[in-house]
Amino acid sequence: MRIFIAPGRVRRRGVEEMGAGRLVLARLGEVPGGAALLELAGRGEELELAGGAVRDLLLGEDPRELDVVTAGDAIEPARTLAQMLRGTVTAHARFGTAVVRAGAARVDLARRRAESYPAPGALPEVRAGDPAEDLARRDFTVNAIAVALGGERPGALRAAPHALEDLREGVLRVLHERSFIDDPTRLWRLARYAARLRFAIEPHTARLAGEALGDGALGTVSGARLGAELRLALGESQPAAALAALEELGVLGALHPRLRFEPRLFSDALELLPAADGRPDLLALAALALPLTLRADGRRDGELAALLDRLEFQAHDRDRTAAAALAASELAERLARARVPSELRDAAGRVPPEGVALAGALGGSGPGTPAAAGARRWLEHARHVRLQITGEDLLRAGVPEGPEVGARLDVALRRRLDGALGEGAQAELAAALEPLP
């Protein structure tokens, strides 16, 4: 069964919590970094596992990282843990936090803290806090659970009200009324968790989310933070589910009113995208942003690049995404019309793989449509065809240095692509030396 304790199996809350806590300890020892963390706690360090790591272990899933809270300084225990794991530690003395990495293990350590928000959407002000305050700062009840890793009662579990019930029933519930006002990025996490965990949103939480979106809460958050949340959604193991949840909740529309996510289009394009050098995250982003690539009069617009700049995407990712989205609609028609590989090269040769895959999917549903077939031929075979000869061979054959060298190589490559040459470098050189058309 998926959840840690069957409903009705244990009636006394204290016993239930202890059983759940011991289960966390047992499973923790099986995940990267967990055994060393338990050993460190056994040496007398007052450590608790908290947040999403506890949630995932209770759900029978492997956590992405281990979030640990300490009663005192977090940096020295982190350094000790890094030595034990033969890993590295990145300490942030200003915030009293540290991250330990060793192979597949990632452990985030932080001192128990309380948070307050000076203004809606602002980063929180942090101070040292007690155990109750550290739980109260969490986003959802299912993440407001902590388990002692050592001390007098290893396995002792603390949880916010409703936390264990919500975890068992698969429900996402905020901890207080102003949750989405104080930190509107929780709207993004609400959608991502709903998609990843397949949890339902508790009705009052759904109402608070809708009110926050309607009041423009996301407008109080910086573009950098919104971009970080979008990248997290794109990086989910099932990005289509995350984006669909974000659209249904209204988060995508609040980010930009013309963003649209079509799951079938993304699915068809993803099937065409090459695993070796394709970027599923950028494919999803390009598919999402297709409506931003045209103005009402049909002319190309810079709206997409401007949005990605505001969200602080790296220049390479911004340019690759924009190139893919801008090319896709016209490229779909050209792929469908191409009859030979050289025509595929003319159409798709300068388009990123994500744009070609998206164009193939735009050409109609199913792998047998002309556009999809053309995209597949280009991505899987034709784009990898190379000449054996180089410009040096042409220079040695008497071709003058300059644009003519490239033009002759292009002629030879087109003939190689279309199967109009015999095998070997000599056939390529002969073709390149023929009179130019």
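This text goes with the structure placed above it.
The numbers attached to residues start from 1 for each chain and follow its sequence in the written order. With the structure being a predicted model, the display of local features is reserved for residues of pLDDT at least 70 and the display and counting of side-chain atom pairs for 80 or more, all residues being used for whole-chain, interface and lining totals. Heavy atoms throughout the structure, all of them, feed into the side-chain values; hydrogens and water do not.

**As for the layout of surface pockets**
Selection rule: Whether a set of points on the 1 Å grid over the protein atoms alone is a cavity depends on a 1.4 Å probe fitting there but being unable to get out, while an open set qualifies as a pocket with protein on both sides within 12 Å along at least five of seven lines; lining residues are those with an atom within 4 Å of a point. Grid points are joined across faces, edges and corners, and a volume is the space filled by probe spheres set on the points. Helix and strand assignments come from DSSP, with helices taken as H or I runs of at least 4 residues and strands as E runs of at least 2, each series counted from the N terminus. Residue polarity follows a fixed list, in which Ala, Val, Leu, Ile, Met, Phe, Trp, Tyr, Cys and Pro are nonpolar, Asp, Glu, Lys and Arg are charged, and the others, Gly among them, are polar.
Roughly 1800 Å³ of internal volume is contained in the largest pocket. As for the largest pocket, its lining consists of 47 residues, and the residues nearest its centre are Asp-67, Asp-108, Arg-113, Arg-137 and Arg-189. Examining the composition of the lining of the largest pocket, we find that six residues originate from one element, helix 8 (residues 185-197), more than from any other. Across the lining of the largest pocket, the residue classes tally to 17 nonpolar, seven polar and 23 charged. Size it by volume and the second largest pocket reaches roughly 190 Å³.

**Some words on the pattern of salt bridges**
This is how it is decided: What makes a salt bridge here is a side-chain nitrogen of Lys or Arg within 4 Å of a carboxyl oxygen of Asp or Glu, nothing more.
Inspection of every chain in the model, using the stated rule, returns 39 salt bridges. One connected set of salt bridges, linked through shared partners, spans Arg-64, Asp-139, Asp-183, Arg-189, Arg-192, Arg-196, Arg-225, Glu-229 and Glu-236.

**Quick notes on the nonpolar core**
For clarity, the threshold we go by: Residues grouped as a nonpolar core are buried Ala, Val, Leu, Ile, Met, Phe, Trp, Tyr and Cys residues, joined through side-chain atoms within 4.5 Å. Buried means the residue's accessible area, taken with a 1.4 Å probe over protein chains only, is under 20% of the maximum for its type, while exposed means over 50%, and partly exposed covers the values in between. It only takes one pair of heavy atoms within 4.5 Å for two residues to be counted as in contact.
Leu-49, Phe-180, Leu-230, Leu-335, Val-356 and Leu-358 are the most contacted members of the largest nonpolar core, which has 114 residues in total. Aside from chain neighbours lying at most four places away, what touches Leu-49 is Val-24, Leu-28, Val-54, Leu-57, Leu-66, Asp-67, Val-68, Ile-145, Ala-146, Val-147 and Leu-149.

**Considering the environment of Ala-228**
Considering the arrangement of structural elements, one finds Ala-228 in helix 10 (residues 223-234). Considering only alpha carbons, one finds Ala-228 and Leu-243, 15 residues apart in sequence, at a separation of 14 Å.

**Section: helix 11 (residues 239-249)**
The test is simple: It is the directions from the helix axis to the C-beta atoms whose arc is reported.
Turning to helix 11, its buried residues number three or more, namely Pro-239, Ala-242, Leu-243, Ala-245, Leu-246 and Leu-249. Buried residues along helix 11 cover an arc of 160° about the axis, so they all sit on one side. Two residues or fewer after helix 11 comes Gly-250, characterised by a positive phi angle close to 100°.

**Quick notes on the pairing of strand 2 (residues 66-70)**
So the rule is basically this: Strand pairing is defined by DSSP finding a minimum of two bridges between the two strands.
With respect to burial, strand 2 is a largely interior element, four of its five residues being buried. Two strands pair when backbone bridges link them, and strand 2 and strand 5 (residues 105-111) are joined in this way by five bridges, in the parallel orientation. Note that in strand 5 the partner of Leu-66 across the bridge is Val-107.

**Some details on the side chain of Arg-55**
By the secondary structure assignment, Arg-55 is in helix 3 (residues 52-58). Ignoring any residue separated from it by four or fewer positions in sequence, one finds Arg-55 in contact with Val-142, Asn-143, Leu-167, Tyr-193, Arg-196 and Leu-197.

**Quick word on the sheet that holds strand 2**
We apply this condition: With axes taken as lines fitted to C-alpha atoms, and helix axes fitted only over the stretch in contact, angles between N-to-C directions fall between 0 and 180 degrees.
In spatial order, the strands read 3-4-5-2-1-8-9; together these seven strands make up an open sheet with mixed pairing. At either margin of the open sheet sits one strand with a lone partner, and together these are strand 3 (88-92) and strand 9 (157-159). This sheet shows a mean twist of 25° between the axes of neighbouring strands, independent of strand direction. In terms of strand pairing, strand 1 (residues 47-50) meets strand 8 (residues 145-148) through three bridges, oriented antiparallel. Within strand 8, the position partnered with Leu-49 by the bridge is Val-147. Sitting on the sheet, helix 4 (residues 75-85) is in contact with strand 3, strand 4 (97-102) and strand 5, with an inclination near 5° to strand 4.

**Quick look at the side chain of Asp-56**
Tracing the chain through its elements places Asp-56 in helix 3. Overall, the relative accessible area of 7% leaves Asp-56 in the buried class. Residues in contact with Asp-56, not counting those within four places in the same chain, are Arg-27, Glu-61, Asp-62, Pro-63, Arg-64 and Leu-197.

**Digging into unusual backbone geometry**
Backbone geometry places Arg-86, a non-glycine residue, at a positive phi of 55°. You can see Arg-86 is positioned in the loop between helix 4 and strand 3. Using a relative accessible area of 80% as the deciding quantity, one classes Arg-86 as exposed. The phi angle at Glu-312 is positive, at roughly 60°, despite the residue not being glycine. If you trace the backbone, Glu-312 turns up in the loop between helix 15 (303-310) and helix 16 (315-337).

**Side note on helix 21 (residues 403-417)**
This is how it is decided: In a helix, the anticipated span is given by 1.5 Å times the number of residues less one.
For helix 21, spanning 15 residues, the distance from its first C-alpha to its last is 21 Å, which sits close to the expected 21 Å at 1.5 Å a residue. Among the structural elements, helix 17 (341-348), helix 20 (391-396) and helix 22 (425-433) are those in contact with the buried residues of helix 21. Directly beyond the C-terminal end of helix 21, a positive phi value near 70° is found at Gly-419.

**Describing the environment of Leu-252**
Relative to the assigned elements, Leu-252 resides in helix 12 (residues 251-255). Here the alpha-carbon distance between Leu-252 and Leu-288, two residues 36 residues apart in the chain, equals 9.3 Å. If we skip the residues at most four places from it in the chain, Leu-252 touches Leu-243, Leu-246, Glu-247, Leu-259, Phe-261 and Leu-288.

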